[in-house]
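Coordinate analysis (summary)
Here are the chains, one letter per residue:
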Amino acid sequence: MLAAAGPAPGSSEQRGGRFSVLAWEQVQRLDQILGEAVPIHGRGNFPTLSVRPRTIVQVVRSRLEKKGIAVHNVRLNGSAASHVLHQDSGLGYKDLDLIFGVDLKTEDVFQLVKDVVMDCLLDFLPEGVNKDKITPMTLKEAYVQKLVKVCNETDRWSLISLSNNSGKNVELKFVDSLRRQFEFSVDSFQIILDSLLLFGECSENPMDEDFHPTVTGESMYGDFDEAMDHLRNRVIATRNPEEIRGGGLLKYCNLLVRGFKPKSEVDMKALQRYMCSRFFIDFSDIGEQQRKLECYLQSHFVGMESKRYDYLMTLHRVVNESTVCLMGHERRQTLNLIAMLAVRVLAEQNIIPTVTNVTCYYQPAPYVSEINFNYYVTHVQPFLPCNQSYPTWLPCN
């Protein structure tokens, strides 16, 4: 359990291995993230809950095990894990993604997991709140941002995202099996929390550089050292890009705006075509595309609103250059939507006057042979709300 008991900190067990032991500075950052209280905002008259991620994990895990659901391990995933491993990556971190490894063999177990999380939310309510008449449905409407359940031949998992008005949601993912656990190498890291949590429960002495638990990280990309090199040098790389879902296009453009660069020009062109095609498969309707883009802008640029315009222009360029799966009018419709959102962002920042009609000109992609392109005049629509509650599980898009 102590640092001296495992492989040398900061090194993989063997070059090209997927695991690595965290250095003391990384363990400190991890401990700080788990110990900082995170607000879970309630809707309506429900109070804001202030809970440390460490406490959420301990309470949820304990309740699951009391119900007979074994938790194999708990991991920190995504941008928060990348931040722990390399603080100056340029990614920052938004959501706190916590993965509970569990067996989800039946529909009853899926439901039991959700019931356990609702019971924990009830316990997190402050003293003085009358809990007798608060039902699980009421708690879900008050504190849950999103519910997702996926159950098919390759994937069995569920997600419960707890609301945060600044976009820093606590996302509890319960995973039995998940074929694709990352999009790019720089967000492929998972940090196993069990040893650090056990140390906090058992040790009477505080951690220091010579006395702290051995904490292990894993890269789902497959090569921890290579993925770390990509994170330090801001390189965009992935494996099997055809498996990346539609949201990968939005993440890719976000990385570009933050100064990340594709590993090679050839890889970039192929990757962009794959991601554009998948985006239009998963979000085929223009209304779906608008909702997805607006929600992404709201949740991924908190405190970085000035970057929204650059992001939309980057997305516009990538879609314009790399979309090969659409009819001409569908492609122009999507490009027009992105341009309208960009204009609205500028208006919100008072860079241009507020407008209701804008004329957008753009060039066709190089491979398009059409000669006569007309401009389009489109009304700028107000933002669609994307923080509504959901009465039932949602399918994964």
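Residues numbered from 1 in each chain as written. Predicted model: local features only at pLDDT ≥ 70, side-chain atom pairs only at ≥ 80, totals over all residues. Heavy atoms only, no water.

**Some points on helix α9 (residues 265-282)**
Stated precisely, the cut-off is as follows: Numbering of helices and strands runs from the N terminus; a helix is a DSSP stretch of H or I covering at least four residues, while a strand is a stretch of E covering at least two. Working rule for helices: expected span equals 1.5 Å times residues minus one. Only protein chains enter the area calculation, which uses a 1.4 Å probe; residues under 20% of their type maximum are buried, those over 50% are exposed, and those in between are partly exposed. We call two residues in contact when some of their heavy atoms are within 4.5 Å.
Compared with an ideal rise of 1.5 Å per residue, which puts 18 residues at 26 Å, α9 spans 26 Å between its outermost C-alpha atoms and is within 8% of the ideal. Of all the residues in α9, the buried ones are M268, L271, Q272, M275, C276, S277, F279, F280 and D282. Buried residues along α9 sit against β11 (235-236), α8 (248-257), β12 (261-262), α10 (286-300), α11 (308-322) and α12 (328-348).

**Focus on the nonpolar core**
Inclusion rule: Residues belong to one nonpolar core when they are buried, are Ala, Val, Leu, Ile, Met, Phe, Trp, Tyr or Cys, and are joined through side-chain atoms within 4.5 Å.
Counting residues in each nonpolar core, the largest one holds 100 residues, and the members touching the most others are L30, L76, F100, L172, F174, I191 and Y252. Take this core: its biggest share by element is 10 residues, from helix α4 (residues 107-124). If near-sequence neighbours (up to four positions away) are discounted, Y252 is found in contact with F184, I236, P262, M268, L271, Q272, M275 and V318. Counting residues in hydrophobic clusters, the runner-up holds seven residues, among them I99, V148, V150 and V175.

**Observations concerning the sheet that holds strand β9 (residues 189-192)**
Stated formally: Note on pairing: two strands pair once DSSP finds at least 2 bridges between them. Here an angle of 0 to 180 degrees is reported between the N-to-C directions of two axes, which are lines fitted to C-alpha atoms, with helices fitted over the stretch in contact.
Here eight strands make up an open sheet; going across it, the order is β1-β10-β9-β4-β5-β8-β7-β6 and the pairing mixed. Of all strands in the sheet, those bounded by a partner on one side alone are β1 (19-21) and β6 (144-151). Averaged over all pairs of adjacent strands, the angle between their axes in this sheet comes to 20°, without regard to strand direction. Sheet topology note: the β6/strand β7 (residues 156-162) ladder contains seven bridges and is antiparallel. Within β7, the residue paired with K146 across the bridge is S161.

**A look at the packing of α10 against α12**
Condition: Left-handed describes a crossing in which the near helix is turned anticlockwise from the far one by less than a right angle; the clockwise case is right-handed.
It is at 11 Å that the axes of α10 and α12 come closest, and there the two elements cross at 35°. Once α10 is placed against α12, the crossing between them reads as right-handed. Contacts between α10 and α12 involve I286, Q289, Q290, L293 and E294 from the first element and Q333, T334, L337, I338, L341 and R344 from the second.

**Some details on the pairing of strand β8 (residues 170-177)**
Here six bridges tie strand β5 (residues 96-101) to β8, and the two strands are oriented parallel to one another. Looking across to β8, one finds that I99 is bridged to K173. Judged from the seven bridges that link them, β7 and β8 form a sheet pairing that is antiparallel. Each residue of the ladder has a partner; that of W157, found in β8, is V175.

**Digging into the packing of aromatic side chains**
Aromatic ring pairs are reported here in terms of the distance separating the ring centres and the angle at which the planes meet. Just so we agree on the cut-off: Any two of the Phe, Tyr and Trp rings considered here, Trp counted by its six-membered ring, make a pair once their centres fall within 6.5 Å; the pair's planes then place it as stacked at under 30 degrees, edge-to-face at over 60, or tilted in between. The criterion for a charge sitting over a ring is simple: Lys NZ or Arg CZ within 6 Å of the ring centre, and within 35 degrees of the ring normal.
Following the criterion strictly, the structure yields 11 aromatic pairs and no others. Between the aromatic rings of F279 and F280, the centroid separation amounts to 5.4 Å while the plane-to-plane angle is 80°, which identifies the pairing as edge-to-face. Given the relative accessible area of 6%, F280 is considered buried. An aromatic cluster is present here, built from F279, F280 and F283 joined pairwise through their rings. One cation-aromatic arrangement involves R180 over F182; the distance from NZ or CZ to the ring centre is 4.3 Å. Here R239 stacks its cationic end above the ring of Y221, 4.0 Å away from the centre of that ring.

**Considering the pairing of β5**
Within β5, six of the six residues are buried, leaving the element largely enclosed by the surrounding structure. Inspection of the sheet shows strand β4 (residues 74-77) paired to β5 by four bridges, in the antiparallel sense. The residue bridging N77 from the neighbouring strand is D97, located in β5.

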